[in-house]
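Chain by chain, the residues:
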Amino acid sequence: MVDIISSLAHPKSSDDFNILITRDHSVIEPADSWAIYKEELVCVGPPNLVGRRELSIVRPTPILNITSRPDMLPTWLRAMNLSSSDIRVGARYDHNYLALPAVRTGKCLLVAPEIIVGDLVRGGALQIMPGTRTPSGMQYRAYAVDRSAHLEIARSFFRWLARLCKSVPFAQVAWGLAAP
């Protein structure tokens with residue numbers, strides 16, 4: 001059996017895990033690592049707001065701000081050749097998941113990782129504004145530390161996961177929408 005633990009804290013050498021999948025932590029102890037997914041940001045809104053509109057709707061429409069990821073909006077604005085003075089900043093939310101109900105109301109937009117909003121986009125509740133996809137600079141990585149009691153199983157799991165991620169979009173894998 002391979003243990004998978006979910007935590008927002010940086011892993012310590014005393015932590016007991018076999019597998020670590022992370023976006024913004026690195027493991028400094030001896031470990032095998034795999035690049036799994038390069039995060040991309042998109043601007044989304046409900047279909048009645050985004051529809052067939054162009055990027056110009058971001059100027060009058062409030063864009064929600066996510067405090068847990070203060071890098072997202074500036075990164076996206078730079079990629080779109082916009083500045084913070086070009087947009088209306090909307091309400092602040094601690095996390096993307098808390099902002100999703102607000103963006104679905106039809107009165108605002110959200111810049112978020114595609115992996116977070118992909119499920120709602122596929123289901124038709126949100127729509128990606130054309131031309132707004134850009135790399136965030138973040139990459140999801142997987143680690144199997146050498147001290148693991150199940151290192152070979154962890155390595156086999158990651159080889160399988162790496163193959164799966166190459167054949168199926170990662171958002172589908174992450175949200176359980178694809179059969180292995």
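All values derive from a computational prediction rather than experimental measurement.

## Points about the overall build of the protein
- The secondary structure content of the protein amounts to six helices and seven strands.
- In sequence order, the protein lays out its α and β elements as β-β-α-β-α-β-α-β-α-β-β-α-α.
- Counting every atom, the protein has about 9800 Å² of accessible surface; 54% of that belongs to carbon and sulfur.

## Brief notes about the environment of M138
- Secondary-structure assignment places M138 in strand 7 (residues 134-145).
- Considered as a pair, M138 and Y37 are 101 residues apart in the sequence and their alpha carbons are 8.7 Å apart.

## Considering the pairing of strand 4 (residues 88-93)
- Where strand 3 (residues 62-66) lies against strand 4, four bridges are found, and the strand directions are parallel. The partner of P62 across the bridge, within strand 4, is R88.
- The handedness of the strand 3 to strand 4 crossover, carried by helix 2 (residues 72-79), is right-handed.

## Observations regarding helix 2
- Residues of helix 2 that are buried: M72, L73, T75, W76 and L77.
- Those residues of helix 2 that are buried lie in contact with strand 2 (31-45), strand 3, helix 3 (96-103), strand 5 (109-113) and strand 7.
- Count one or two residues on from helix 2 and you reach N81, which has phi positive near 60°.

What counts, and at which threshold
- Residues numbered from 1 in each chain as written.
- Predicted model: local features only at pLDDT ≥ 70, side-chain atom pairs only at ≥ 80, totals over all residues.
- Heavy atoms only, no water.
- Helix = DSSP H or I, 4+ residues; strand = E, 2+ residues; numbered from the N terminus.
- Areas by Shrake-Rupley, 256 points an atom, 1.4 Å probe, with all protein chains shown as cover.
- Pairing = 2+ DSSP bridges.
- Right-handed = clockwise from strand over helix to strand, strands pointing away.
- Buried < 20%, exposed > 50% of the residue type's maximum accessible area, 1.4 Å probe, protein only.
- Contact = heavy atoms within 4.5 Å.

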